[in-house]
Amino acid sequence: MVKIRLKRFGTKARPCYRVVVQDARKPRDGRCIEEIGTYQPIAAEGKQINIDMDRAKYWIGVGAQPTEIVAKLMNKQAK
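Attention in this report is confined to the structure presented alongside it.

The rules we used
- Residues numbered from 1 in each chain as written.
- Predicted model: local features only at pLDDT ≥ 70, side-chain atom pairs only at ≥ 80, totals over all residues.
- Heavy atoms only, no water.
- Helix = DSSP H or I, 4+ residues; strand = E, 2+ residues; numbered from the N terminus.
- Buried < 20%, exposed > 50% of the residue type's maximum accessible area, 1.4 Å probe, protein only.
- Polar contact = N/O pair within 3.5 Å; in protein donor to acceptor, adjacent residues only side chain to side chain.
- Contact = heavy atoms within 4.5 Å.

Some details on the side chain of Gln 48
Turning to step 1, where the next piece is worked out: Considering the arrangement of structural elements, one finds Gln 48 in the loop between strand S3 (34–39) and strand S4 (49–51).
Turning to step 2, where the next piece is worked out: Here Gln 48 falls in the buried class, since its relative accessible area comes to 11%.
Turning to step 3, where the next piece is worked out: Within the structure, the side chain of Gln 48 is placed 3.1 Å from the backbone oxygen of Pro 41, a separation counted as a polar contact.
Turning to step 4, where the next piece is worked out: Among all residues touching Gln 48, those that are not within four sequence positions of it are Thr 38, Tyr 39, Gln 40, Pro 41 and Ala 43.

This is how it looks when you write it as structure tokens:
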């Protein structure tokens, strides 16, 4: 199954995440199919979430399942 989920990078005290399309059987930080955005929880409120919604809708349309956190981030960006 293909999932849209977060891939962690950055340092221990300053996490950053990439929103990626990845096979569910792969490890969290393993190889991904496509990177569709970023999430920076430490950044200013308006600059935290940057997701390409067109690509996210495409992947959901072909059967990819977003995780709960990614779904919340997509809803937050859509507002």
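Remarks on the environment of Val 21
Turning to step 1, where the next piece is worked out: The residue Val 21 is located in strand S2 (residues 15–23) in this model.
Turning to step 2, where the next piece is worked out: Judged by its relative accessible area of 0%, Val 21 falls in the buried class.
Turning to step 3, where the next piece is worked out: Measuring from C-alpha to C-alpha, the distance between Val 21 and Ile 33 comes to 5.5 Å, with 12 residues separating the pair along the chain.

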